[in-house]
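What follows is each chain in one-letter form.
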Amino acid sequence: METDSATWNDVDHWIAEHLLPDDAVLGEVLASTEQAGLPAINVSPPQGKLLHLLVRALGARRVLELGTLAGYSSIWIARALPAGGRLVTCEVDPHHAEVARRNFERAGVADRVTLHLGPAADTLERLVADGGEPYDLIFIDADKNNYPVYLDWALRLSRPGTVIVADNVVRQGKVLDAADDPVLTGARLFMERLGKEPRVAATAVQTVGSKGYDGFALAVVTS
Ligand code: SAH
Ligand code: DHB
Ligand code: MG
């Protein structure tokens with residue numbers, strides 16, 4: 001049987017209806033994304049809840065996110081943190097950061113979230129130099145061309161057991177294209193490095209839903 005994106009969208013709504021209670025704040029965050037003219041490239045509601053459940057299942061206390069946008073995925077993550085837990089999120093666009101900060105206030109998670117404004121690679125370099133505790137979960141969702149670089153930094157900020165999740169590694173299957181698009185070559189090189197990296201066990205899962213056809217990679221740091 002063939003399905004199309006309208007069906008994927010309907011099923012995402014059906015999933016949300018059953019498993020994701022209506023949430024006024026998250027609704028306002030999505031509305032603010034549109035009102036502020038930001039692109040609607042946040043994770044879908046079921047994906048946001050997946051991140052939320054990963055944080056809870058891992059008992060993660062320290063989470064790092066690359067790519068904040070309006071803070072939609074950040075809020076799903078922040079709400080799953082235990083008391084004293086912390087989300088560090090990186091965003092390069094000042095307007096996105098401003099919208100996100102407002103949304104963190106709105107969601108009552110501003111005290112648990114640190115937003116670093118600037119290129120994520122610079123922030124990561126600083127975080128490594130600061131020599132803080134490793135992160136329990138790292139969500140990579142910023143500029144796709146830099147995913148290979150982000151993998152290197154993520155490993156330096158990890159410990160055995162750290163989980164790394166990367167969004168958008170399938171791009172409607174276009175990652176297989178030879179096309180010289182840095183978005184695609186970034187995702188492809190990221191997957192190649194992940195596969196050759198002896199310090200992780202990794203997989204990737206294709207997804208369909210309200211965001212179309214894409215996929216995420218998941219890795220556990222083993223040593
Ligand atoms: N995680 C968000 C979506 C992120 S969209 C959510 O699901 O709600 C990707 C974001 O990465 C955009 O806001 C974009 O401005 C930001 N970005 C792009 N290049 C970046 C860079 N070099 N460093 C940090 N953020 C970057
Ligand atoms: C797009 C989707 C994303 O999840 C993202 O992080 C960046 C871009 C997109 O569909 O263009
Ligand atoms: Mg994404």
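Residues numbered from 1 in each chain as written. Chains lettered and ligands numbered in written order. Predicted model: local features only at pLDDT ≥ 70, side-chain atom pairs only at ≥ 80, totals over all residues. Heavy atoms only, no water.

**Quick look at the pairing of strand 1 (residues 62-66)**
(1) Moving on: The buried fraction of strand 1 amounts to 4 of the 5 residues, a majority that puts the element mostly inside the structure.
(2) Moving on: Bridge count for strand 1 against strand 2 (residues 86-91) is 5 bridges, and the pairing is parallel. Bridged to L64 within strand 2 is V88.
(3) Moving on: Where strand 1 meets strand 4 (residues 137-140), 4 bridges bridge the pair, whose relative direction is parallel. Each residue of the ladder has a partner; that of E65, found in strand 4, is F139. (Buried < 20%, exposed > 50% of the residue type's maximum accessible area, 1.4 Å probe, protein only. Helix = DSSP H or I, 4+ residues; strand = E, 2+ residues; numbered from the N terminus. Pairing = 2+ DSSP bridges.)

**What about the site of ligand 1?**
(1) Moving on: Around ligand 1, the surrounding shell holds 22 residues, and the nearest of these are V43, G67, E91, H96 and D141.
(2) Moving on: For ligand 1, a nitrogen atom lies 2.8 Å from a polar atom in the backbone of A120.
(3) Moving on: Surface burial for ligand 1 is 89%, taken as the share of its 580 Å² of free accessible area covered by protein chains.
(4) Moving on: Each residue belonging to the shell around ligand 1 can be placed in one class, and the counts come to 11 nonpolar, 6 polar and 5 charged. (Near = heavy atom within 4 Å. Polar contact = N/O pair within 3.5 Å; in protein donor to acceptor, adjacent residues only side chain to side chain. Areas by Shrake-Rupley, 256 points an atom, 1.4 Å probe, with all protein chains shown as cover. Nonpolar A, V, L, I, M, F, W, Y, C, P; charged D, E, K, R; others polar.)

**Some points on the site of ligand 2**
(1) Moving on: Residues in contact with ligand 2, as listed here, are I41, D141, K144, D167, N168, R171 and K211.
(2) Moving on: Within the contact set of ligand 2, an oxygen atom lies 2.8 Å away from a side-chain nitrogen or oxygen of D141.
(3) Moving on: Within the side chain of R171, one N or O atom sits 3.1 Å away from an oxygen atom of ligand 2.
(4) Moving on: In the complex, 70% of the free accessible area of ligand 2, which totals 290 Å², lies under the protein chains.
(5) Moving on: Taken together, the residues of the shell around ligand 2 break down into 1 nonpolar, 1 polar and 5 charged.

**With respect to the environment of T33**
(1) Moving on: Secondary-structure assignment places T33 in helix 2 (residues 24-35).
(2) Moving on: Spatially, the C-alpha atom of T33 lies 9.0 Å from that of G71, the residues being 38 residues apart in sequence.

**Digging into the nonpolar core**
(1) Moving on: Among the nonpolar cores identified, the biggest contains 29 residues, and V55, V63 and L137 are the most heavily contacted of them.
(2) Moving on: Those elements that place two or more of their residues in this core are helix 2, helix 3 (45-58), helix 4 (72-78), helix 5 (94-107), strand 3 (113-117), strand 4 and strand 5 (163-166).
(3) Moving on: Among the elements that line this core, the one with the most residues is helix 4, at 5 residues.
(4) Moving on: Residues contacting L137, with those up to four places away along its chain left out, are L54, V55, L58, A60, R62, V63, L64, T162, V163 and V165.
(5) Moving on: Counting 28 residues, the second-largest nonpolar core is a separate cluster that includes A120, I140, A142 and F190. (Core = buried A, V, L, I, M, F, W, Y, C linked by side-chain atoms within 4.5 Å. Contact = heavy atoms within 4.5 Å.)

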